[in-house]
Amino acid sequence: VKQLSVALVGGGFMGKAHSLAYSLAPIAGDVGAQVSKRVLVDADATTARTLASQLGWESSSGDWREVVERDDIDIVDICTPPQFHREIALAALAAGKHVFCEKPLANTVAEAVEMRDAAQRAGVVAQIGFNYRHSPAIEFARLLLDRGQLGTPLQFRASYLQEGGFNANPNLWRAKRSTGGSGFVGDVGSHIIDTAEYLFGDIARVCGLARTSSEDGWMPESERLATDALDEAGVWIAEFANGALGSFAVNRLSSGHKNQILFGFDASKAAVEFDWNQRDEFRVSYVDGPADHMGFQTIHMNTEHPNGWWRLAGIGSGYAEVSAIQFQKFLRAIVSGVRAEPDFDQGLHVQQVVEAVLDSAAVGGWVDVPSRLPVPAGAR
Ligand SMILES: NC(=O)c1ccc[n+]([C@@H]2O[C@H](COP(=O)([O-])OP(=O)(O)OC[C@H]3O[C@@H](n4cnc5c(N)ncnc54)[C@H](O)[C@@H]3O)[C@@H](O)[C@H]2O)c1
């Protein structure tokens, strides 16, 4: 069995989720490797030592530069605020390490391009942390679409709503682009863009609006742009490359919604609905159902479905489990030498959609999203 040693950079909110996930992933299923949580790195040595002890890491460091070059490290996992992703990823890739990077891949398309190119050149596994797409119900939807059971994709509608805008912000870096924030379209909008592209294929063009709150309602857009205040809400419509239609909404001033990813789509043979707050359910309505049973049916996830851990439906799954599923795939990709999904190229395309939405919001009207280049031979 292969031994894989991990260096985690950034032991905050996501560092905790990834720490749980590395422990759970090999327990819940055979990943073909033994995983060592070798070293946790944070901004200074004292913080790193405390976090390493709490989150179950063998050692700690206050200097990622020294760690990413070490011979006893196979995987560098980046959980810092986004403004550090590029620098850490490029150093880790140059040292030949497999890289897992939290979303958004970076804060600009230019940085994301550099990271994608470096990952393809390095020929290592480079995966981005769009964790939600690994939910068994979302993977089941993709499976049914691939099998043709749902028919041709027609329309996708998604929202990602949180209520954090009403609370004091514990992540001060999120507030400004200069400290690493990417705005709500980049921060959580990236997840629903990824899910949409995972299920319906690439988005080709968008038309959107973005807003930030003021004392009384929304700040005038000219003031938001002049002060570099990051967007707190956005809406956009989209056209997919295959002709399907999309509509999206993100808002961090949405009372009662907690952390709600809600989407539905219509295809020519069926419609599907998903709500992260009810993540173990898959809702589908088939066009050709029996006349006296027309409508949505609710299917509960178990081992009959992709990534299912429990034979018994209704046991329930959470954030840590879904995060662990993504690491099962990452570890298996390293062991078997295949390409990981979603990789940095997919992360870049999501970033291009984010930037197109924000460009559209700034100038008005439709903005085209670049189409993806073919993945070069040898890239993983
Ligand atoms: N996939 C998801 O569901 C999800 C959820 C939340 C956050 N995220 C992403 O994860 C990343 C981190 O977000 P978070 O909420 O965990 O932030 P956080 O502020 O909770 O944690 C960031 C950690 O990184 C450390 N850090 C900062 N600069 C560093 C440096 N130069 N070297 C080493 N450590 C450094 C901080 O001290 C802190 O411990 C962001 O990219 C964010 O968008 C993803």
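Shown above is the structure to which this text applies.
Reading the values: rules and limits
- Residues numbered from 1 in each chain as written.
- Predicted model: local features only at pLDDT ≥ 70, side-chain atom pairs only at ≥ 80, totals over all residues.
- Heavy atoms only, no water.
- Salt bridge = Lys/Arg side-chain N within 4 Å of Asp/Glu carboxyl O.
- Buried < 20%, exposed > 50% of the residue type's maximum accessible area, 1.4 Å probe, protein only.
- Helix = DSSP H or I, 4+ residues; strand = E, 2+ residues; numbered from the N terminus.
- Pairing = 2+ DSSP bridges.
- Core = buried A, V, L, I, M, F, W, Y, C linked by side-chain atoms within 4.5 Å.
- Phe/Tyr/Trp six-rings, centres within 6.5 Å; stacked < 30°, edge-to-face > 60°.
- Lys NZ or Arg CZ within 6 Å of the ring centre and 35° of its normal.
- Axes fitted to C-alpha atoms, helices over the stretch in contact; angles between N-to-C directions.
- Parallel < 35°, antiparallel > 145°, perpendicular 65-115°, else oblique.
- Left-handed = near helix turned anticlockwise from the far one by under 90°.
- Contact = heavy atoms within 4.5 Å.
- Nonpolar A, V, L, I, M, F, W, Y, C, P; charged D, E, K, R; others polar.
- 1 Å grid on protein atoms, 1.4 Å probe; cavity = no way out; pocket = protein on both sides within 12 Å on 5 of 7 lines; lining within 4 Å.
- Points joined across faces, edges and corners; volume = space filled by probe spheres on them.
- Near = heavy atom within 4 Å.
- Polar contact = N/O pair within 3.5 Å; in protein donor to acceptor, adjacent residues only side chain to side chain.
- Areas by Shrake-Rupley, 256 points an atom, 1.4 Å probe, with all protein chains shown as cover.
- Expected span 1.5 Å × (residues − 1).

**Regarding the pattern of salt bridges**
- Overall, the coordinates contain 24 salt bridges when judged by the stated rule.
- For arginine 70, the salt bridge goes to glutamate 66, with nearest N and O atoms at 3.8 Å.
- Residue classification places arginine 70 among the partly exposed residues on the basis of a relative accessible area of 23%.
- Glutamate 66 gets classed as partly exposed once you look at its relative accessible area, which sits at 38%.
- The residue glutamate 232 makes a salt bridge to arginine 252 at a minimum N-O spacing of 2.6 Å. Taken as a pair, glutamate 232 in the loop between helix H9 (221-227) and strand S9 (233-240) and arginine 252 in the loop between strand S10 (245-251) and strand S11 (259-267) lie far apart in primary sequence, 20 residues in all.

**Remarks on the pairing of strand S7 (residues 153-162)**
- The pairing of S7 with S11 spans 9 bridges and is classified as antiparallel. Paired with leucine 161 across the two strands is glutamine 260, which belongs to S11.
- Bridge analysis of S7 against S10 gives 7 bridges, and the strand direction is parallel. Counted as the bridge partner of serine 159 is alanine 249 from S10.

**Describing the nonpolar core**
- Phe156, Leu199, Phe248, Phe265 and Phe344 are the most contacted members of the largest nonpolar core, which has 79 residues in total.
- The greatest single-element share of this core, amounting to 9 residues, is contributed by helix H11 (residues 344-363).
- Counting 27 residues, the second largest nonpolar core, distinct from the first, contains Leu8, Ala17, Phe100 and Leu331.

**A word on the packing of aromatic side chains**
- This model, assessed by the stated rule, comprises 19 aromatic pairs.
- Through a chain of ring-to-ring contacts, the aromatic side chains of Phe156, Phe200, Trp236, Phe240, Phe248, Phe263, Phe265 and Phe274 assemble into a single cluster.
- Across from the ring centre of tryptophan 366, 4.1 Å away, lies the NZ or CZ of arginine 205, which sits over that ring.
- For the cation-ring pair, arginine 279 lies above tryptophan 276, with the distance from its terminal atom to the ring centre recorded as 4.2 Å.

**Notes on the packing of helix H8 (residues 189-200) against H11**
- Running from N to C, H8 and H11 point in directions that differ by 120°, and their axes come no closer than 10 Å. Classified by the interaxial angle, the pair formed by H8 and H11 is oblique. The hand of the H8/H11 crossing is right-handed. In this structure, H8 contributes Ser190, Ile193, Asp194 and Glu197 to the contact, and H11 contributes His349, Val350, Val353 and Val354.
- When its residues are assigned to classes, the contact of H8 with H11 shows 4 nonpolar, 2 polar and 2 charged.

**A few points about empty space enclosed by the protein**
- A full pass over the atoms with the stated rule returns 2 cavities of 30 Å³ or more.
- Along the wall of the largest cavity there are 16 residues; nearest its centre are Asp280, Gly308, Trp309, Trp310 and Ser317.
- Broken down by element, the residue count for the lining of the largest cavity peaks at 3 residues, all from helix H10 (residues 319-336).
- Among the residues making up the lining of the largest cavity, the classes are represented as 8 nonpolar, 6 polar and 2 charged.

**Considerations on the site of the ligand**
- Around the ligand, the structure places 27 residues, and the nearest of them are Met14, Asp42, Lys103, Trp173 and Tyr319.
- Phenylalanine 13 has a polar backbone atom sitting 2.9 Å from an oxygen atom of the ligand.
- Taking lysine 103, its main chain carries an N or O atom lying 2.9 Å from an oxygen atom of the ligand.
- For the ligand, the protein covers 85% of the area, taking 840 Å² as the surface of the free molecule.

**Looking at the environment of alanine 137**
- Turning to its location among the elements, alanine 137 is positioned in helix H6 (residues 136-146).
- Assessed through its relative accessible area of 1%, alanine 137 is described here as buried.
- Spatially, the C-alpha atom of alanine 137 lies 14 Å from that of glutamine 326, the residues being 189 residues apart in sequence.

**Focus: the sheet that holds S9**
- Pairing is mixed across the open sheet formed by 9 strands, whose spatial order is S14-S13-S12-S11-S7-S10-S9-S8-S15. Either end of the sheet is taken by a strand with one partner, and the two such strands are strand S14 (297-300) and strand S15 (367-368).
- Its contacts with the sheet place H6 against S7, S11, strand S12 (270-275) and strand S13 (281-286), and it is angled at close to 30° to S13.
- Along the sheet face, H11 touches strand S8 (203-211), S9 and S15 and points at about 50° away from the line of S8.

**Overview of helix H5 (residues 109-122)**
- Relative to the 20 Å expected for 14 residues at 1.5 Å per residue, H5 spans 20 Å between its end C-alpha atoms, a close match to the ideal helical length.
- Along H5, the residues classified as buried are Val109, Ala112, Met115, Arg116, Ala118, Ala119 and Gln120.
- Packed against the buried residues of H5 are helix H4 (85-94), strand S5 (98-101), strand S6 (126-128) and H11.

**Some points on the sheet that holds strand S3 (residues 59-61)**
- An order of S3-S2-S1-S4-S5-S6 is seen for the 6 strands of this open sheet, with the pairing classed as parallel. Bordering the open sheet on either side are S3 and S6, each of which pairs with just one other strand. With strand direction ignored, the average angle separating the axes of adjacent strands in the sheet is 25°.
- Bridge analysis of strand S2 (residues 33-41) against S3 gives 3 bridges, and the strand direction is parallel. Among the inter-strand pairings, valine 41 is bridged to a residue of S3, identified as serine 61.
- Helix-sheet contacts for helix H2 (residues 45-55) involve S2 and S3, and the interaxial angle to S2 is about 150°.

The quantities given are spatial measurements derived from coordinates; they are silent on function.
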